[in-house]
Amino acid sequence: MSFVIPGSFDALQTAEQVQLLNTVDALRTCGLDGIISLPQLVVCGDQSCGKSSVLEAMTEIPFPRKENLCTRFATELVLRRSRVIRVSARIIPDKARSQVEQDSLQKQQLSLSNLSKLPALIDKATKLMGLDDGDKRQAFSRDILRIVIEGPQRPALTLVDLPGLIHSENRSQTSDDVQVISKLVEQYISNPRTIILAVVSAMNDAANQVILKRAREHDPNGQRTLGIITKPDVLSPGSESEDAFIGLASNQNISFQKGWHVLRGRSFSERNSSFTERNATEAQFFSRGRWLDLDPDTLGISHLRSRLSELLFTHVKQELPRLRSELETTSAQNDTLLQKLGEKRGSLSEQRHYLTRISTSFRDICKAAVDGHYDHEHFGEDVNISSGSQAATRRLRALIQKQHIDFADVLRRAGTKYNVVNKPAGVADTPVKRSVGLGGVEVSYVQHDKSQDQMVDWAKTVLNANRGREMVGSYNPMLVGELYRAQSQNWHLISQQHITNVATACSRFCWDLLRTVCPKDNASVQLGLIIQDQLKIRANNARDELTKLIRDKNRPPITLNHYFTLTIQKKRKRRLAESNSSTAKRQKTDTTKLFSQLAAQSPFTFGSPTLALSPSAPVTKDDDPADADEDIDITSCVMDMDEYSCIDALDNLNSIYKVELKRFIDNVVVQCCERHLVDGLEDVLSPLKVASFSDAEIAAAAAEPQHVTKRRAILEAKRESLEKGKDVFNRFMSRTD
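Residues numbered from 1 in each chain as written. Predicted model: local features only at pLDDT ≥ 70, side-chain atom pairs only at ≥ 80, totals over all residues. Heavy atoms only, no water.

### Focus: the overall build of the chain
Step number 1: Looking only at helices and strands, one finds 21 helices and 11 strands in the chain.
Step number 2: Here the chain holds 737 residues, and 45% of them are scored as buried.
Step number 3: Taking the intrachain contacts of the chain between residues at least 6 apart in sequence as the baseline, contacts between residues at least 24 apart amount to 78%.
Step number 4: Accessible surface computed for the chain: about 38,700 Å², of which carbon and sulfur atoms make up 50%. (Helix = DSSP H or I, 4+ residues; strand = E, 2+ residues; numbered from the N terminus. Buried < 20%, exposed > 50% of the residue type's maximum accessible area, 1.4 Å probe, protein only. Contact = heavy atoms within 4.5 Å. Areas by Shrake-Rupley, 256 points an atom, 1.4 Å probe, with all protein chains shown as cover.)

Written as structure tokens, this is what we have:
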């Protein structure tokens, strides 16, 4: 393979310029041109204004030259300095195309053995883009043809040839074509690092050429625009048109900070002439007439190369610090996006490591919450447990302890089916529907408000239904058990709600923690299902344990707690004290009446042995001689044998209820809630559980969604390019220090 390397490129190559341009080229080689804006030269103008001729003259690379042929897509010409001479090309598909079309175009191999074959390569690219596809033919494409030409004398430079702007639609160019070209041109010239080579043809009034308006819109101060006038040979010497374009070239009419330049390209009859012949003809043209009035540095291709060399060097030198800053910012943003995607998990080992890390974090934080250690940032600060906020649910041990305390308080107040109250005689016993708040849930229950006499009547009813062979005045040992079962009926309902509340608190905590340690994707869904199943099992076990406790409660009560007998003794002593107090008061009243009677009788005196007792005097001795030494107040005794039995049974009921209530509260808290719901909660998603997963389970739980994998690949490729770009800058800075 051999190429002609024109010496004209030497004008673009000073040592400092080459160093800067090579830096930009290195950034472009890293793939950064699709990530951040890089300095480039863009040749643009109205249709048929001679853009391709300008590009050809600058690079001395032959472009297609046919009558009435226009540029139909953007062509990026990338020149690179390399020891090896080679040419490559590829199509960059329009992102609006389908993925299938994009993949198909990207796979196309475009190569050429000689620069003279470049027109054929462009023709092939035109067909691949579908611009000559029969009935589907379209005039222009948003696809980009990128041609990379490398050689030892090539400058590091990128030139872009854009389709010419169309003023209005016609038979061969639709309104859609007008919009396509307009957007394509704006896409390039709006880049603040693009040097705009605004080409205007002398064949048309400059005021009528749209590119000048577009250039001023995106570069209002003309800081990065160089105007290029083509086809000056069509102007008649001495004509007003020639005067107008001479003035334009002098930067008088439309002013750009970079000024203007005039080129004479090959005419149709000169189309087959060499570049040397073309340059000689141009030099001869500018050596006569009004063109001699212009600065020679603004005329001809050789001076244009020199101007572009200095212009590009100054532009790149000015943009390089900003470019580096943008590179750092873009890199940081890209890293942030990658972090949001979470840990990479493309391979099975990565997936297993990912799940192990998540489960380890879950276990450690969960264990801390169960133990009440809130040092981790997950738990937050200044949390009000009673608020019901998300932060409150995270302090699990504190929340559950409060639920236990509330449960015990509610069971003490609402656990009894029958309440002993003071109420007038004759008021009927009617069920009362009540409700109480427990863990933010209203629990409805039924209670009966009874007087002491009504409690005795209820006990009599139960006693009669439980008669055995026991003597009248005593009661069946099973009576107290039946009374206790009836009195504690509300326990089950309240305990069920408490278990539900604790299970809900554990569930909310686990789901919230999973959202913290695992991003919301397929892994969180799969791990959530695992956690959900484990929590369901734990809740069912807690309810089963409660069923056993209720079953034990409903058996005849058994206790070895001395509190039971102590409570009975206290109850009996209290009743005896109340009875003695009542008897003493009554005896004092009777004695006072007796002495009043004695004082009223005459002629007897107090203490007379012949005193006759009044018939109303109280009886203090039993008629039975065996009881002659006992002082008994018959009026304080309960004469109804069943009533006596019921009062004693109710004393036993109250005592055993207090004992069993304390034990039941502790059992529900410890055996149901702590054993089955709270203790070992961290094991619902432990590393050991993850280690037992099969490869298929690992893949199902941790494999990345396809869109995440694609997104990650794009961001990683972008990061690689950005890191290479940083290295380029570091090397450049080390050379300039």
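Moving on, there is more to tell.
### A short note on helix α6 (residues 210–218)
Along an α-helix, a turn takes 3.6 residues, which lines up residues three or four apart on a common side.
Step number 1: The set of residues buried in α6 consists of I211, L212, R214 and A215. Projected down its long axis, α6 shows its buried positions confined to an angular sector of 165°, all on one face.
Step number 2: Close packing links the buried residues of α6 with β1 (40–45), α5 (175–189), β6 (194–201), β7 (225–230) and β8 (260–262). (Arc of directions from axis to C-beta.)

### Describing the packing of aromatic side chains
Step number 1: In the structure shown here, the tally under the stated rule is 9 aromatic pairs.
Step number 2: For the pair F286 and W291, a centre-to-centre distance of 5.9 Å together with 80° between the ring planes defines the contact as edge-to-face.
Step number 3: Here the aromatic cluster, defined as three or more aromatic residues joined through ring pairs, consists of Y484, W491, Y657 and F664. (Phe/Tyr/Trp six-rings, centres within 6.5 Å; stacked < 30°, edge-to-face > 60°.)

### Topic: the packing of helix α12 (residues 396–414) against helix α15 (residues 490–517)
Step number 1: Interaxial distance between α12 and α15 falls to 10 Å at its minimum, and their mutual angle equals 170°. With respect to their mutual orientation, α12 and α15 come out roughly antiparallel. Between α12 and α15, the contacting residues are L396, L399, I400, Q403, H404, F407, V410, L411 and A414 on the first element and N490, W491, I494, S495, H498, N501, V502, A505, C506 and F509 on the second.
Step number 2: Across the contact of α12 with α15, the residue classes break down as 13 nonpolar, 6 polar and no charged. (Axes fitted to C-alpha atoms, helices over the stretch in contact; angles between N-to-C directions. Parallel < 35°, antiparallel > 145°, perpendicular 65-115°, else oblique. Nonpolar A, V, L, I, M, F, W, Y, C, P; charged D, E, K, R; others polar.)

### Digging into the nonpolar core
A general feature of soluble globular proteins is that nonpolar side chains tend to end up buried together.
Step number 1: Counting 87 residues, the largest nonpolar core has L355, F362, W458, F509 and L681 as the members making the most contacts within it.
Step number 2: In terms of residue count, the dominant contributor to this core is helix α18 (residues 641–678) (17 residues).
Step number 3: Here L681 is in contact with C366, V370, L396, C506, F509, C510, L535 and R538, once residues within four sequence places are set aside.
Step number 4: Ranked by size, the runner-up nonpolar core spans 58 residues in total, among them L77, L131, L145 and L159. (Core = buried A, V, L, I, M, F, W, Y, C linked by side-chain atoms within 4.5 Å.)

### Some remarks on the packing of helix α14 (residues 478–487) against α18
Step number 1: Where α14 contacts α18, the two axes come as close as 9 Å, and the packing angle between them is 55°. Taken together, the axes of α14 and α18 lie oblique to each other. As for the relative orientation of α14 and α18, their crossing is right-handed in sense. Within the contact between the two elements, α14 uses L479, V480, L483, Y484 and Q487 and α18 uses A649, N652, L653, I656, Y657 and E660.
Step number 2: Residues of the contact of α14 with α18, tallied by class, amount to 8 nonpolar, 2 polar and 1 charged. (Left-handed = near helix turned anticlockwise from the far one by under 90°.)

### Digging into the sheet that holds strand β10 (residues 431–438)
Step number 1: Spatially, β9-β11-β10 is the arrangement adopted by the 3 strands of the open sheet, whose pairing is mixed. Taken across any chain shown, the strands that pair with only one partner, and hence form the sheet edges, are β9 (418–420) and β10. Strand-to-strand, the axes of this sheet are offset by a mean angle of 45°, without reference to chain direction.
Step number 2: As judged from the 8 bridges shared by β10 and strand β11 (residues 441–450), these two strands associate in the antiparallel manner. Note on β11: the bridge partner recorded for V436 is V443.
Step number 3: Helix-sheet contacts for α15 involve β10 and β11, and the interaxial angle to β11 is about 165°. (Pairing = 2+ DSSP bridges.)

### Thoughts on the sheet that holds strand β4 (residues 144–151)
Step number 1: Read across the open sheet, the 8 strands follow the order β3-β4-β2-β5-β1-β6-β7-β8; overall the sheet is mixed. Because the sheet does not close on itself, it has two edges, and the strands there are β3 (86–92) and β8. Each neighbouring strand pair of the sheet contributes to a mean axis angle of 20°, computed without reference to strand direction.
Step number 2: Sheet topology note: the β7/β8 ladder contains 3 bridges and is parallel. What sits directly across from I229, in β8, is V262.
Step number 3: The strands touched by helix α2 (residues 51–59) within the sheet are β1, β2 (74–81), β5 (157–161), β6 and β7, with β5 carrying the most contacts at an inclination of about 160°.

### Describing the environment of R555
Step number 1: Residue placement: R555 occurs in the loop between α16 (522–553) and α17 (562–600).
Step number 2: Considering only alpha carbons, one finds R555 and R485, 70 residues apart in sequence, at a separation of 8.3 Å.
Step number 3: In terms of polar contacts, R555 uses its side chain to reach the side chain of D552, at 2.2 Å. (Polar contact = N/O pair within 3.5 Å; in protein donor to acceptor, adjacent residues only side chain to side chain.)

### Details of the pattern of salt bridges
Step number 1: Throughout the structure, instances matching the rule amount to 34 salt bridges.
Step number 2: Across the salt bridge formed by E270 and R264, the nearest N and O atoms sit 3.1 Å from each other.
Step number 3: Between D552 and R555 there is a salt bridge, with the nearest N and O atoms lying 2.2 Å from each other.
Step number 4: In this structure D552 comes out as partly exposed when scored by relative accessible area, which is 45%.
Step number 5: The exposure class of R555 is partly exposed, given its relative accessible area of 42%.
Step number 6: Residues joined in a network through salt bridges with shared partners are R193, E319, R322 and E326. (Salt bridge = Lys/Arg side-chain N within 4 Å of Asp/Glu carboxyl O.)

### Digging into α2
Step number 1: In terms of burial, α2 is largely enclosed, as 7 of its 9 residues are buried.
Step number 2: All buried positions along α2 are accounted for by K51, V54, L55, E56, A57, M58 and T59.
Step number 3: Looking at the residues trailing α2, positive phi occurs at E60, about 55°.

### Quick notes on the confidence of the model for the chain
For residues with low pLDDT, the predicted coordinates do not support detailed interpretation.
Step number 1: Across the chain, pLDDT averages 82, with 86% of residues at or above 70.
Step number 2: Per-residue pLDDT, averaged within each element of the chain, yields its smallest value for α17 (71) and its largest for β8 (95).
Step number 3: The model gives residues 1–12 a pLDDT under 50, and that stretch makes 36 contacts with residues more than four places away or in other chains.
Step number 4: Within the model, the stretch residues 604–629 combines pLDDT values under 50 with 14 contacts to residues more than four positions away or in other chains. (pLDDT = per-residue confidence, 0-100.)

### Regarding a positive patch on the surface
Step number 1: Taken together, the side chains of R412, K570, K571, R574, K658 and K662 define a basic patch exposed on the protein surface.
Step number 2: Of all the secondary-structure elements, those providing two or more residues to the positive patch are α17 and α18.
Step number 3: The biggest single contributor to the positive patch is α17, with 3 residues.
Step number 4: Structurally, K658 is set in helix α18. (Patch = residues over 30% accessible without salt bridge, like charges linked within 9 Å, V, L, I, M, F, W, Y side chains within 5 Å. Lys, Arg positive; Asp, Glu negative; His and termini not counted. Charge placed at Lys NZ, Arg CZ, Asp CG, Glu CD.)

### Focus: the environment of I166
Step number 1: Note on placement: I166 falls in the loop between β5 and α5.
Step number 2: By relative accessible area, which is 11% here, I166 ends up buried.
Step number 3: A C-alpha to C-alpha distance of 9.7 Å links I166 and Q209, two positions 43 residues apart in sequence.
Step number 4: Apart from residues lying up to four places away in sequence, I166 is in contact with Q47, F140, Q173, V178 and I181.

### Focus: the state of the cysteines
Step number 1: According to the stated counting rule, one finds 0 disulfides in the structure shown.
Step number 2: This cysteine, C44, is not joined by any disulfide, and C49 carries the nearest cysteine sulfur, 8.3 Å off.
Step number 3: You can see C510 has no disulfide; the closest cysteine sulfur is in C366, sitting 5.0 Å from it.
Step number 4: Look at C510 and you get buried, because its relative accessible area is 0%. (Disulfide = S-S within 2.5 Å.)

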